[in-house]
Amino acid sequence: MGCVGSWLANGNSKKLKKPKPWRHTVPITRDQLAQMREEFWDTQPHYGGQTEIWDALRAATEASDLIHAQLIVECAGIILSTADMSTCYDERGTKYELPRYVLSEPTNLIRGS
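Attention here is on the structure that accompanies the text. Just so it is clear, the model here is predicted, and its values are computed rather than measured. (Residues numbered from 1 in each chain as written. Predicted model: local features only at pLDDT ≥ 70, side-chain atom pairs only at ≥ 80, totals over all residues. Heavy atoms only, no water.)

### Points about the overall build of the protein chain
Of the regular secondary structure elements, the protein chain holds five helices and three strands. From first element to last, N terminus to C terminus, the protein chain shows the α and β order α-α-α-α-β-β-β-α. By the burial criterion, 30% of the 113 residues in the protein chain qualify as buried. Long-range contacts, defined as pairs at least 24 residues apart, comprise 62% of the intrachain contacts of the protein chain with a sequence gap of at least 6. Carbon and sulfur atoms form 52% of the exposed surface of the protein chain, whose accessible area is close to 7300 Å². (Helix = DSSP H or I, 4+ residues; strand = E, 2+ residues; numbered from the N terminus. Buried < 20%, exposed > 50% of the residue type's maximum accessible area, 1.4 Å probe, protein only. Contact = heavy atoms within 4.5 Å. Areas by Shrake-Rupley, 256 points an atom, 1.4 Å probe, with all protein chains shown as cover.)

### A few points about the environment of Leu-66
With respect to the helices and strands, the residue Leu-66 is situated in helix α4 (residues 66-75). Distance from Leu-66 to Leu-16, taken between C-alpha atoms, is 6.5 Å for residues 50 residues apart in sequence.

### Observations regarding the sheet that holds strand β3 (residues 95-97)
The antiparallel open sheet is built from three strands, whose spatial order is β1-β2-β3. Two strands close off the open sheet at either side, each with one partner strand: β1 (79-80) and β3. Sheet topology note: the β1/strand β2 (residues 87-89) ladder contains two bridges and is antiparallel. Each bridged residue has a counterpart across the sheet, and for Leu-80 the counterpart in β2 is Cys-88. (Pairing = 2+ DSSP bridges.)

### Here we look at the packing of aromatic side chains
Summed over all chains, the structure comprises five aromatic pairs. Summarising the aromatic geometry, the rings of Phe-40 and Trp-41 are spaced 4.9 Å apart at their centres and angled 75° between planes, so their arrangement reads as edge-to-face. Take Phe-40 and Trp-41: they sit in the same class, and that class is buried. Consider the rings of Phe-40 and Trp-54, whose centres lie 6.1 Å apart with planes at 75°: the pair is edge-to-face. Note that Phe-40 is positioned in helix α2 (residues 30-43) and Trp-54 in helix α3 (residues 51-61), a separation of 14 residues in sequence. According to the relative accessible area criterion, Trp-54 is buried, its value standing at 2%. (Phe/Tyr/Trp six-rings, centres within 6.5 Å; stacked < 30°, edge-to-face > 60°.)

Structure follows, in structure tokens:
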């Protein structure tokens, strides 16, 4: 059985893709979405994994485009289990799961004031 690092070294990393459109259970504002994201990033690292990987995942989700996000993921040695980054692993095999709301905006986001 090979290690996760060798899997990545063999060129088996996935290419990042935009997440599929999704709807929140109730329409939310951009401020509410920002609050949800902030709470996730503030608390999730306390449940396991490396701080550096969490920081790289956050930077990738906040990147201006998929090319930059892909570079961040590759440089950090993050292995994508899903092309939308919802499930990832570090080189030690630790699993990182990201909720849809940190990956993209819901289709029922309330825009404007």
